[in-house]
Amino acid sequence: MVQKYQSPVRVYKHPFELIMAAYERRFPTCPLIPMFVASDTVNEFKSEDGAIHVIERRCKLDIDAPRLLKKIAGVDYVYFVQKNSLNRQDRTLHIEAYNETFSNRVIINEHCCYTVHPDNEDWTCFEQSASLDIKSFFGFESTVEKIAMKQYTSNIKKGKEIIEYYLKQMEEDGIKFVPRWTPPVMYKLENSTSHIARPVSPAINIPDTATKEGLNNKEVLNTSSSPSEPTAGTPDDKLDADYIKRYLGDLTPLQESCLIRLRQWLQETHKGKIPKDEHILRFLRARDFNIDKAREILCQSLTWRKQHQVDYILDTWNPPQVLQDYYAGGWHHHDKDGRPLYVLRLGQMDTKGLVRALGEEALLRYVLSINEEGLRRCEENTKVFGRPISSWTCLVDLEGLNMRHLWRPGVKALLRIIEVVEANYPETLGRLLILRAPRVFPVLWTLVSPFIDDNTRKKFLIYAGNDYQGPGGLLDYIDKEIIPDFLSGECMCDVPEGGLVPKSLYRTAEELENEDIKLWTETIYQSASVFKGAPHEIFIQIVDASSVITWDFDVCKGDIVFNIYHSKRVPQPPKKDSLGTHSITSPGGNNVQLIDKVWQLGRDYSMVESPLICKEGESVQGSHVTRWPGFYILQWKFHSMPACATTNLPRVDDVLASLQVSSHKCKVMYYTEVIGSEDFRGSMTSLESSHSGFSQLSAATTSSSQSHSSSMISRWRFC
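About the criteria used
Residues numbered from 1 in each chain as written. Predicted model: local features only at pLDDT ≥ 70, side-chain atom pairs only at ≥ 80, totals over all residues. Heavy atoms only, no water. UniProt positions renumbered as here; feature names shortened; annotations may be inferred. Phe/Tyr/Trp six-rings, centres within 6.5 Å; stacked < 30°, edge-to-face > 60°. Lys NZ or Arg CZ within 6 Å of the ring centre and 35° of its normal. Helix = DSSP H or I, 4+ residues; strand = E, 2+ residues; numbered from the N terminus. Buried < 20%, exposed > 50% of the residue type's maximum accessible area, 1.4 Å probe, protein only. Core = buried A, V, L, I, M, F, W, Y, C linked by side-chain atoms within 4.5 Å. Polar contact = N/O pair within 3.5 Å; in protein donor to acceptor, adjacent residues only side chain to side chain. Contact = heavy atoms within 4.5 Å.

The name an unreviewed UniProt entry gives the protein chain is SEC14-like protein 1, with Platysternon megacephalum as the organism. Reading the Subunit (unreviewed entry) entry of the UniProt record for the protein chain gives the comment "Interacts with RIGI (via tandem CARD domain); the interaction is direct. Interacts (via GOLD domain) with SLC18A3; the interaction is direct. Interacts with SLC5A7 (via GOLD domain); the interaction is direct."

S.K.: Which residues make up the packing of aromatic side chains, and what are the values?
M.R.: Scanning the entire structure with this criterion turns up 25 aromatic pairs. In this structure an aromatic cluster arises from ring pairing among Y12, Y23, F27, F36, Y114 and F126. Positioned above the aromatic ring of Y77, the side-chain terminus of K60 is 4.2 Å from the ring centre. Above the face of the Y12 ring, K160 is positioned so that its terminal group lies 5.7 Å from the ring centre.

S.K.: Tell me about unusual backbone geometry, and please be specific about residues and values.
M.R.: Between F27 and P28 the backbone carries a cis peptide bond, its omega angle lying at 5°. Here P28 shows up in the loop between α1 (16–24) and β3 (36–46). In this model, Q309 sits at a positive phi of 55°, which is unusual for a non-glycine residue. Structurally, Q309 can be placed in the loop between α9 (291–308) and α10 (313–316). The exposure class assigned to Q309 is partly exposed, which follows from its relative accessible area of 23%. A positive phi is found at E427, a non-glycine position, where the angle reads about 55°. For E427, the position within the fold is in the loop between α14 (408–424) and β12 (429–437).

S.K.: Provide a residue-level description of the nonpolar core, including the pertinent values.
M.R.: Ranked by size, the top nonpolar core spans 51 residues in total, and within it L323, Y327, L354 and L398 carry the most contacts. Those elements that place two or more of their residues in this core are α11 (321–326), β10 (340–344), α12 (351–358), α13 (360–385), β11 (392–397), α14, β12 and α15 (441–448). Ranked by size, the runner-up nonpolar core spans 40 residues in total, among them Y12, C59, V78 and F102.

S.K.: Can you explain the side chain of N99? Please cite residues and give values.
M.R.: When you line up the elements, N99 lands in strand β6 (residues 92–99). A polar contact is formed between the side chain of N99 and the backbone oxygen of T101, at a distance of 3.0 Å. One polar contact links the side chain of N99 to the main-chain amide nitrogen of I108, over a distance of 2.8 Å. Beyond its immediate stretch of four places on either side in the chain, N99 contacts Y79, F80, V106, I107 and I108.

Here you go:
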């Protein structure tokens with residue numbers, strides 16, 4: 001398995017030239033890096049004007065490894081080749097390094113880059129990336145990987161300290177300023193008289209690497225100095241090491257790398273508004289910084305949030321009055337660590353009455369709004385206290401808990417809430433203080449504990465009776481001044497007292513079922529299943545030419561081909577025949593076919609967009625400006641993996657990929673809308689139509705390509 005590392009951007013508040021002078025003092029050896037024994041220059045190039053300096057060194061390293069392993073390997077030292085390409089004109093230094101020893105068994109590549117800060121030309125930025133691929137190593141592959149990662153992590157931590165050490169050393173030597181590179185006098189004269197005919201000088205043979213890197217650096221500088229500010233999904237939007245420490249906390253170099261790599265993946269595949277860094281970090285922590293596992297649950301959560309419009313719940317949903325009166329919970333100041341504090345008087349709450357009056361889904365939605373408010377409060381407290389706060393503390397008072405709280409539908413609703421919160425709000429609970437637990441509590445705990453993550457359970461502190469008032473109790477976590485009055489504290493708590501919900505507010509099972517369906521079908525998205533040989537199709541009637549058809553869909557399972565057709569004929573509604581070949585209903589969504597099998601492409605209908613192949617996990621947004629009135633058919637079709645061109649046999653990769661799509665079935669979640677040309681402002685980069693409900697969802701999305709028919713498509717992975 002290839003191990004990868006990507007550093008954040010580290011900023012030195014010193015000019016580039018001064019940093020370069022400090023960097024050169026590391027050679028031929030550096031006492032601050034004990035493993036760096038020596039280095040020899042094997043190749044060096046300087047351009048005639050002195051702007052480009054390329055130097056290649058062979059570095060000798062004494063790896064801190066067990067003596068037995070060194071003896072088995074037959075080496076005492078490991079050699080690396082390091083190539084530094086300095087461009088003084090562009091003020092950049094690119095460093096490339098690779099291992100020479102055991103290069104047929106272990107492949108190590110590293111790339112570092114010093115550049116000028118895009119917003120302050122007197123500051124210098126540093127970035128670093130590396131990869132480790134151990135093919136084989138005498139059966140000690142795992143040991144070698146651990147040693148390599150340990151050594152590399154140790155050197156990363158020292159990197160900034162070493163530069164700062166040499167900067168201080170230079171200051172002691174009286175060197176506080178290094179002038180920038182300027183062209184030599186003769187070089188300036190030649191440029192100023194370049195319009196006069198002169199003998200052609202022989203070309204200077206500059207190494208390819210230096211030339212390419214010089215060009216690339218110009219491109220990087222041009223990009224970073226663009227007048228338009230990069231949006232929240234562009235590769236230029238990088239993380240700064242100081243920002244990570246201030247807003248996200250102390251992370252190890254490898255944890256920083258995991259965050260940056262997952263964030264880069266989201267930027268590349270999710271061309272719209274990506275989650276906030278602290279939210280990405282929560283999912284990484286929930287999976288012990290395993291990028292693949294974290295990416296899977298994060299993308300599932302993003303799809304869930306999108307489908308149910310959770311991002312807008314605080315602004316668009318008003319809790320019923322019953323909840324405001326009888327739900328005995330609310331926010332109450334903060335704990336000693338600065339975490340927002342939520343107080344829940346569960347023992348005083350009539351869970352049966354709330355479920356009978358509101359239903360399970362309304363309770364779930366209310367809990368989601370509480371979690372969204374918690375995320376918002378964490379951001380505010382991070383700013384107030386000047387340190388990262390990414391979770392909250394929950395205080396649960398169980399006084400009054402009895403057997404009526406174990407009413408089966410109520411427990412079922414609680415388990416459902418726990419399941420949804422665990423999946424979509426990981427690592428948001430910093431501490432759970434359970435106070436005045438009665439004898440019936442172990443029964444409730446036995447029911448719910450299997451549904452709670454192990455890491456979350458470790459944050460539970462349970463106190464029986466008045467134990468919370470003694471040593472190790474509430475005062476260890478909450479200041480005395482804000483302990484609620486109902487816990488013998490001095491602070492008035494505005495949390496509702498709960499109480500029994502009047503039976504007059506109870507609703508019938510049928511009413512609750514209809515209300516539950518209404519709550520979770522209040523989404524602009526529809527689901528559909530796509531089968532092999534049975535595409536899903538919808539038609540849109542266009543009366544006025546130059547209208548704009550917009551779409552937004554996620555490929556939740558399988559690979560599909562997206563097509564858009566135009567027809568003057570009216571597509572026939574799906575026929576409900578006994579075989580069900582035209583309309584299929586499945587738990588994953590509907591399947592409808594509108595294009596009659598007797599229709600011929602080019603005669604009865606025509607293709608207005610090039611087919612778009614969409615892989616599993618991608619999300620696609622786009623728009624099409626119609627040319628003619630009539631009927632436009634949007635089609636999602638099953639995508640079969642093509643066989644190898646040189647043989648009739650399918651490739652192994654194709655077979656493995658096809659096995660992932662069980663029963664030749666795909667799933668899509670889609671939304672479409674027609675916008676009048678007079679309401680369409682710009683492309684799908686904004687879709688700021690005054691009549692469009694789609695505008696909010698795509699306001700931050702950037703388009704990635706434009707088709708021949710004024711259609712714009714943006715796609716990113718989501719599931």
